[in-house]
Amino acid sequence: MSAETEPQATESVEDIALAGARATYRGRRLPSWVMPVIAVAILGGLGVLGLVTDMGMLTTLTTVLFYMVIAQGWNLLGGYGGYLNFGAAIFAGSGAYAAAWLANEWGWTMWQTFLPAGFAAVLVSLVLGYATLRLRSHYFAIFTIVFTFLAMVVVKNTPALGGSLGLYAFLDTDLDARGMALLFYYSLFGFAVLATLIAYLIEHSNFGYALRAISEDEPAAQVLGVKTVSVKLRALVIGAALGGIAGSVYAFQIGYIEPAGTFSLDLALDIVLVCVIGGLATWVGPLIGSVIVVVLEQWLRVFVPRMELFGLGVPAEANRLVLGILLIVFALFIRRGIVGLFVERRGRRITV
Amino acid sequence: MSLRDLTQALINGSLLGGVYGGVAMGLSLVLGVLRIVNLAHSAVLIFGALVYWELVNGLGLDPLLMIVPIAVGGYLLGLVVHRGLTQYLARESDSTVLLGFFGLMVVIESIAIMVWTTDTRTVNIGYLSQVLRFGDIGVPLARIVAAAITLAVLVALHLFLTRTLTGAAIRGMAENPDVATLVGIEVGTLSRRIFAVGIGLAAFGGTVLSLVQSFNPQEHVRWLAWAFLVVILGGLGSAMRTLLAGVFVGIFETVVGLLVPFQYTYLALYGLLAVALLVRNEGLGSVRLRTI
């Protein structure tokens, strides 16, 4: 075996493969600095806005950050991996319940519950992942919906978690209302920056390429040596940890959680919309998407009650109707989201 | 648990299970033949049940006759959905299809809640509400009727799929749509009709379900879970195996209900679902799966 030529040959093959991958995923119409600048502008803007806005706006912006953290985590498996998860509430909910339980039973404060909340969500995600990630993606998707309902039933029938009455989560501080709001805001802000960083690093790592390979053609990825189940499970677990941590802040912010509201498909719908509108499988997408979705929902919340149809008031459920229609429209026509409109994908998928 | 209780549970369970077969058939057909996961299945089911409730309770029409217009209405709705949504998704990736149908589920559910609110409703079954007595075993008439109607529909579907030329064409499509096109099967037209039949069956499932259970538009996901469980256990597309799986789930639920408090029967059923997923390693992807 000739030691001089062999490594070189392997290297060049790898180079070609990597260049191909880059041509596919980094082909662009805009210069490369645009997306990072948008990301920094959104995050920087949010960082400054927290200090200067009034309380009402602060609550809205907290929701934006809450969605950002969960959506960045969701995007790993749902966007890059193509395994849609309609159970975003499972992980945020288990984190919220873990945090509220610890606060009640042991008097833990918010900071201390971040890790256990993330850990609880990871445990739940392992249960979910082991049962379903060996199946095709649509069984995973349907099972996440079913699992959301299961989580709700389990919590409802567990007296230790408050049953259907729910749990209170108090934060024992001497801060005033604004101070508390800022505390939640900047905790979530920190996690949003962290989540974005994680998403950026994963997008540009072999792990990210492996996930995208799974989404393109899973059997082919497996044949090429991608350990598909383990890669998918890792993506799910990282996403779940972020969701769980966001859930713990949510529990303290809202102060009271109950099963039906915590484990509902509404959060799943919002998170899916955030990623789909922003752009699946892009690290900037969830940032743009969560701003748009929260602004849209706020606008609908103000606008819909004022609307009249045949002289009758329109029920609040019309909000969700609009969101559902929006999801269908994006699924049919704008599949790669807003980021996808500006970033061209050069490589084309060839179907044999 | 006495022998009488057990017999009663077995009879009631198998009747309930027959209805579950009807609840799952539409999902199974659309998944088996068109390979589309109809996430909106349970939303359509509850929507059908709500319209049925409106006709029977609101207008006082006959509960048995009204099953027909609901099923036909479901078929027509299926044609509309196919034209507006499904046909564009036919050759798309799994995730695009899932997004589209998740959106559809949200849309149908929102409309149902906007019109009928989130109240739990029970269909006024009138003359079906008596309980038949066989010795010391009592069986609600509505259950017998609902199970009998489902049985008739599923047997008819089974005969259609196995004994007619169109049925053979559908099985061919399920096997391999490309080859089906090559041998001259009109895959496009057939797909549209099968999808519409699947939605019609979902609406039909809603009517027979509402004969035996009360329902609530907010909790329709529960029926998605049940239908999914039946489909996982029974495999895809076969009417008879779907019926058998439904009966198994019904008996399991009723017998477990004898042993543990009511709220834990849910958990036992979900446990069954998890076991079924783990044991069927490739889920429904095994060889037998695509045969009808």
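Quick caveat: nothing in here was measured; it's all calculated off a predicted structure. (Residues numbered from 1 in each chain as written. Chains lettered and ligands numbered in written order. Predicted model: local features only at pLDDT ≥ 70, side-chain atom pairs only at ≥ 80, totals over all residues.)

Participant: Any chance you could explain the overall build of chain B here in plain terms?
Facilitator: From N to C terminus, chain B includes 11 helices and 2 strands. Secondary structure of chain B in N-to-C order comes out as α-α-α-α-β-β-α-α-α-α-α-α-α. Judged by the C-alpha coordinates and their principal axes, chain B covers about 60 × 45 × 35 Å. Counting over 292 residues, chain B shows a buried share of 49%. Considering only residue pairs separated by 6 or more positions, chain B has 79% of its internal contacts joining residues 24 or more positions apart. (Helix = DSSP H or I, 4+ residues; strand = E, 2+ residues; numbered from the N terminus. Buried ≥ 20, exposed ≤ 12 C-beta atoms within 10 Å, placed from the backbone. Contact = placed C-beta atoms within 7 Å.)

Participant: How should I be thinking about the interface of chain B and chain A in this particular structure?
Facilitator: When the parts come together, some accessible area is lost, and that loss is often what is quoted as the size of the interface. Tallying the contact residues gives 34 residues for chain B and 37 residues for chain A. Secondary-structure elements contributing two or more residues to the side of chain B that touches chain A are helix H3 (67-89), helix H4 (94-116), helix H9 (221-234) and helix H11 (262-279) of chain B. Broken down by element, the residue count for the side of chain B that touches chain A peaks at 15 residues, all from H4 of chain B. Of the residues assigned to the side of chain B that touches chain A, the class counts are 23 nonpolar, 9 polar and 2 charged. (Nonpolar A, V, L, I, M, F, W, Y, C, P; charged D, E, K, R; others polar.)

Participant: What is the right way to read the packing of H9 of chain B against helix H10 (residues 239-259) of chain B from this model?
Facilitator: The geometry of a pair of packed helices is captured by two quantities: the angle between their axes and the separation between those axes. Residue and element names in this part refer to chain B. Viewed as axis vectors pointing N to C, H9 and H10 meet at an angle of 120°, and their least axial separation amounts to 8 Å. The angle between H9 and H10 places the two elements in the oblique class. Remark: the crossing between H9 and H10 carries right-handed chirality. Side by side, H9 and H10 meet where Trp226, Leu229, Val230, Leu233 and Gly234 of the first sit next to Arg241, Thr242, Leu244, Ala245, Gly246, Phe248 and Val249 of the second. For the contact of H9 with H10, the class distribution of residues is 8 nonpolar, 3 polar and 1 charged. (Axes fitted to C-alpha atoms, helices over the stretch in contact; angles between N-to-C directions. Parallel < 35°, antiparallel > 145°, perpendicular 65-115°, else oblique. Left-handed = near helix turned anticlockwise from the far one by under 90°.)

Participant: I'm lost on the environment of glycine 172 of chain B in this one. Help?
Facilitator: Residue and element names in this part refer to chain B. By the secondary structure assignment, glycine 172 is in helix H6 (residues 165-175). The spacing of glycine 172 and serine 110 is 62 residues in sequence and 37 Å in space, taken between C-alpha atoms. Residue contacts for glycine 172: discarding those within four places in its chain leaves Ala180 and Ile185.

Participant: Any chance you could explain the nonpolar core here in plain terms?
Facilitator: The tendency in soluble globular proteins is for nonpolar side chains to be buried side by side. In this structure, Leu65, Val69, Ile70, Leu188, Ala246, Ile271 and Leu327 of chain A are the most contacted members of the largest nonpolar core, which totals 211 residues. Apart from the residues within four sequence positions on either side, leucine 188 of chain A is in contact with Thr62, Leu65, Phe66, Val69, Ala246 and Val249 of chain A. (Core = buried A, V, L, I, M, F, W, Y, C linked by C-beta atoms within 7 Å.)

Participant: Explain H6 of chain B to me, please; I cannot follow it from the model alone.
Facilitator: For the α-helix, the turn length of 3.6 residues means that residues three or four positions removed from each other point alike. Residue and element names in this part refer to chain B. Along H6, the residues classified as buried are Ile170, Met173 and Ala174. Taken around the axis of H6, the buried residues stretch over an arc of 100°, which confines them to a single face. Elements that come into contact with the buried residues of H6 comprise helix H1 (3-34), helix H5 (141-163), helix H7 (177-182) and helix H8 (187-212). (Arc of directions from axis to C-beta.)

Participant: Before we go on, may I ask you to explain the pairing of strand S1 (residues 131-134) of chain B in this structure?
Facilitator: The two faces of a sheet get side chains in turn, since along a regular strand they alternate between them. Residue and element names in this part refer to chain B. Pairing geometry for S1 and strand S2 (residues 137-140), over 4 bridges, is antiparallel. Looking at S2, one finds that phenylalanine 134 is bridged to isoleucine 137. In this antiparallel pair of consecutive strands, S1 and S2, the connection spans 2 residues, and glycine 135 shows a positive phi of 65°. (Pairing = 2+ DSSP bridges.)

Participant: Hey, could you run me through the confidence of the model for chain A in this one?
Facilitator: Low-pLDDT stretches of the model should not have their predicted coordinates read in fine detail. All names here are of chain A. Scored by pLDDT, chain A comes out at a mean of 84, with 87% of its residues at no less than 70. Ranking the helices and strands of chain A by mean pLDDT puts helix H10 (residues 228-254) first, with 93, and helix H1 (residues 5-26) last, with 53. Considering only residues more than four positions removed or in separate chains, one finds that residues 1-10, a stretch of pLDDT under 50, has 1 contact. (pLDDT = per-residue confidence, 0-100.)

Participant: Sorry if this is basic, but what is going on with the environment of phenylalanine 215 of chain B here?
Facilitator: Residue and element names in this part refer to chain B. Within the fold, phenylalanine 215 resides in the loop between H8 and H9. When the 21 C-beta atoms within 10 Å are taken as the criterion, phenylalanine 215 is described as buried. The spatial distance from the C-alpha of phenylalanine 215 to the C-alpha of threonine 122 is 6.7 Å, given a sequence separation of 93 residues. Ignoring anything within four residues of it in the chain, the contact list for phenylalanine 215 reads Ile46, Ala49, Arg121, Leu209 and Ser210.

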